[in-house]
Amino acid sequence: MKKIIEKLKQKHRFLVVSHTHPDGDAVGALLAMGLALKAMGKDVQLYNESVIPAVYRFLPSMAVIQQKVTPESTFDVAIVLDCGDIERVGTLAQTIGQMPLVINIDHHVTNTRFGHMQLIDVDACATSEIIFRLLKALPVQIDQTIATAIYTGILTDTGSFRFSNTNRSAFAICAEMIDNGVDAYAVAQRVYGTYSLGRIKLLNLALDSLEISSNGRLSMMTLTQRMLRETRTQAEDIDGIINYARRIQDVRVAALIHELCLNGGVSRGRRHFHVSLRSDGSVDVAAIAARFGGGGHAGASGFTIESTLTELKAQLMALADTFDGVCAQS
Ligand code: AMP
Ligand code: MN
Ligand code: MN
């Protein structure tokens, strides 16, 4: 941390980036880090490949996040946030990975330790928690804008203080952010309180798709591109739906299969899918996702796969019989 702080003080031109299809932590950590460096007088570009989901567009100053890296610009440092591996930043992964100094700040157990410097804390409830600690050691004021970003990152990554990563710091930091001007009710209303009608219809289709393994330990939901079209929703509207499958009594692992729209060049019924996994704490789903080339946390993970839907469902269902042997790390 000390060495990273030195670099942040010394260097001038920064690219700050977080993972594609950002969640609240990826947006919050990106804004907090980027705005803090700007406040220090640095030349900073905040970048995310994806359009920021509608529920996070209320965040003050979120308009500074760009979907493109200005081609002529050069950077001394790339700060990569909330990414277990460099590929999570998207199509610019190679370019960013080759920048003169790559700083990897994250809290995923499956982090590959990419980059020249790493600040990885798997016990942090969110990357936003690590950014908060960094900011405390930098000559910057955590104003209302930065506080709202950090608060939103922690609120969403802990599932509103309900997931197993909820720790003492989650409450302590959020309390401090409220002292710095965050309106907790306003954030909750923006993030959770206002769903489009399409999103509710999509939830209905997801609940209708629910399948349970014969031993009752695995629940599975499926969302196809057709369902997204029918309900006029987008991938970002799927966020949180998996929690309904996770809540079911006796279920240890919930899986949500989401058909991706990049299906060009794939033949004979094979399509691209993203699979989200959540566990009740008794199964390490980061290890399961890693076997499929993905990653995440012991309690929440994901991976992307090319398969037929029938094959994929069978593979996931087969996992239910193995749960006794897989123990959670935390
Ligand atoms: P999701 O599947 O998008 O709900 O994500 C759950 C967790 O798994 C998050 O912490 C993600 O960062 C992580 N994750 C999701 N997909 C991948 C992937 N393809 N590779 C590595 N980690 C992932
Ligand atoms: Mn994330
Ligand atoms: Mn995170």
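Conventions adopted
- Residues numbered from 1 in each chain as written.
- Chains lettered and ligands numbered in written order.
- Predicted model: local features only at pLDDT ≥ 70, side-chain atom pairs only at ≥ 80, totals over all residues.
- Heavy atoms only, no water.
- Core = buried A, V, L, I, M, F, W, Y, C linked by side-chain atoms within 4.5 Å.
- Buried < 20%, exposed > 50% of the residue type's maximum accessible area, 1.4 Å probe, protein only.
- Helix = DSSP H or I, 4+ residues; strand = E, 2+ residues; numbered from the N terminus.
- Contact = heavy atoms within 4.5 Å.
- Donors = N, O, S within 2.8 Å, 3.2 Å for Na, K, Ca; no water.
- Salt bridge = Lys/Arg side-chain N within 4 Å of Asp/Glu carboxyl O.
- Phe/Tyr/Trp six-rings, centres within 6.5 Å; stacked < 30°, edge-to-face > 60°.
- Pairing = 2+ DSSP bridges.
- Axes fitted to C-alpha atoms, helices over the stretch in contact; angles between N-to-C directions.
- Parallel < 35°, antiparallel > 145°, perpendicular 65-115°, else oblique.
- Left-handed = near helix turned anticlockwise from the far one by under 90°.
- Nonpolar A, V, L, I, M, F, W, Y, C, P; charged D, E, K, R; others polar.

Peer 1: Outline the nonpolar core, listing residues and values.
Peer 2: Within the largest apolar cluster, 57 residues are counted, with the highest numbers of intra-cluster contacts made by Leu 8, Met 33, Ile 79, Leu 134, Leu 135 and Ile 150. A total of nine residues in this core trace back to one element, the largest contributor, which is helix H2 (residues 24–39). Apart from the residues within four sequence positions on either side, Ile 79 is in contact with Leu 8, Phe 14, Leu 15, Val 16, Val 17, Met 33, Leu 37, Ile 103 and Ile 105. One finds Ala 255, Val 275, Leu 277 and Phe 292 within the second-largest nonpolar core, a separate group that totals 21 residues.

Peer 1: Go over the coordination of the manganese ion (ligand 2), please, and point to the residues and values.
Peer 2: Coordination of the manganese ion (ligand 2) by the protein is provided by His 19 (NE2), Asp 23 (OD), Asp 23 (OD) and Asp 82 (OD), with metal-donor distances spanning 2.1 to 2.8 Å. Metal-to-metal, the separation of the manganese ion (ligand 2) and the manganese ion (ligand 3) is 3.7 Å; Asp 82 coordinates the two. Linking Asp 23 in the loop between strand S1 (13–18) and H2 with Asp 82 in the loop between strand S4 (77–81) and helix H3 (93–97), this pair joins segments that are 59 residues apart in sequence. Overall, Asp 82 belongs to the buried group, its relative accessible area being 1%.

Peer 1: Outline the pattern of salt bridges, listing residues and values.
Peer 2: Applying the stated rule across the entire model yields nine salt bridges. With a closest N to O distance of 2.8 Å, Glu 129 and Arg 133 form a salt bridge. Taken as a pair, Glu 129 and Arg 133 lie in helix H4 (residues 127–136) at a separation of four residues, close to a single helical turn. Owing to a relative accessible area of 3%, Glu 129 belongs among the buried residues under this scheme. In this structure, Glu 259 engages Arg 271 in a salt bridge whose closest nitrogen and oxygen atoms are separated by 3.2 Å. Highlighted residues: Glu 259 in strand S9 (residues 253–259) and Arg 271 in strand S10 (residues 271–279), separated in sequence by 12 residues. Judged by its relative accessible area of 7%, Glu 259 is buried.

Peer 1: Before we move on, could you go through the coordination of the manganese ion (ligand 3) and cite the residues and values that matter?
Peer 2: Taken together, Asp 25 (OD), Asp 82 (OD), His 107 (NE2) and Asp 157 (OD) make up the full set of protein donors to the manganese ion (ligand 3), lying 2.2 to 2.3 Å away. Sequence positions of the residues that donate to the manganese ion (ligand 3) give the spacing D-x56-D-x24-H-x49-D.

Peer 1: So what's going on with the packing of aromatic side chains? Which residues, and what values?
Peer 2: This structure, assessed with the given rule, holds two aromatic pairs. On the numbers, 4.8 Å between centres and 20 degrees between planes, the contact of Phe 161 with Phe 171 is stacked. Taken together, the residues Phe 161 in the loop between helix H5 (144–157) and helix H6 (168–179) and Phe 171 in helix H6 connect sequence positions 10 residues apart. The partly exposed category is assigned to Phe 161, whose relative accessible area is 24%. A relative accessible area of 47% means that Phe 171 is categorised as partly exposed.

Peer 1: Lay out the sheet that holds S1 in plain terms, naming residues and giving numbers.
Peer 2: Taken in spatial order, the six strands line up as S3-S2-S1-S4-S5-S6 in an open sheet, and their pairing is parallel. The outermost strands of the open sheet, each flanked by one partner alone, are strand S3 (65–66) and strand S6 (117–120). In this structure, strand S2 (residues 43–47) lies alongside S3, joined through two bridges in parallel fashion. Residue pairing across strands places Leu 46 opposite Ile 65, the latter belonging to S3. Strands in contact with helix H1 (residues 2–10) are S1, S4, strand S5 (101–106) and S6; relative to S6, the strand with the most contacts, it is inclined by about 120 degrees. The sheet contacts of H4 involve S4, S5 and S6, and relative to S5 the element is tilted by about 120 degrees.

Peer 1: Can you lay out the pairing of S5 for me, pointing to particular residues and giving the numbers?
Peer 2: Counting buried positions along S5 gives six out of six residues, so the element sits mostly inside the fold. Direction of pairing for S4 relative to S5: parallel, over a ladder of five bridges. The residue of S5 that forms the bridge with Ala 78 is Val 102.

Peer 1: Describe the packing of H5 against H6, and please don't skip the residues or the numbers.
Peer 2: At their nearest, the axes of H5 and H6 sit 9 Å apart, and the two run at 150 degrees to each other. Relative to H6, H5 is oriented roughly antiparallel. Where H5 crosses over H6, the handedness of that crossing is left-handed. Contacts from Ala 147, Ile 150, Tyr 151 and Ile 154 of H5 reach H6 at Ala 170, Ile 173, Cys 174, Met 177 and Ile 178.

Peer 1: Go over the sheet that holds S9 with me, naming the residues and quoting the values.
Peer 2: Read across the open sheet, the six strands follow the order S7-S8-S9-S10-S12-S11; overall the sheet is mixed. Whereas interior strands pair on both sides, the edge strands pair on one side only; in this sheet they are strand S7 (211–212) and strand S11 (295–296). Sheet analysis places S11 next to strand S12 (residues 300–307), joined by two bridges and oriented antiparallel. Its bridge partner being in S12, Gly 295 is matched across the sheet by Gly 302. Of the strands in this sheet, S7, strand S8 (218–223), S9, S10 and S12 are in contact with helix H12 (residues 309–319), which crosses S8 at around 160 degrees.

Peer 1: Now, about the packing of H2 against H5: what can you tell me, with residues and values included?
Peer 2: Between two packed helices, what matters for the description is the angle formed by their axes and the separation of those axes. It is at 7 Å that the axes of H2 and H5 come closest, and there the two elements cross at 155 degrees. One finds that H2 runs roughly antiparallel with respect to H5. Judged by the twist between their axes, the crossing of H2 over H5 is left-handed. Residues Gly 24, Asp 25, Gly 28, Leu 31, Ala 32, Leu 35 and Ala 36 of H2 lie in contact with H5, whose contacting residues are Thr 145, Ile 146, Ala 149, Ile 150, Thr 152, Gly 153, Thr 156 and Asp 157. Broken down by class, the residue content of the contact of H2 with H5 amounts to seven nonpolar, six polar and two charged.

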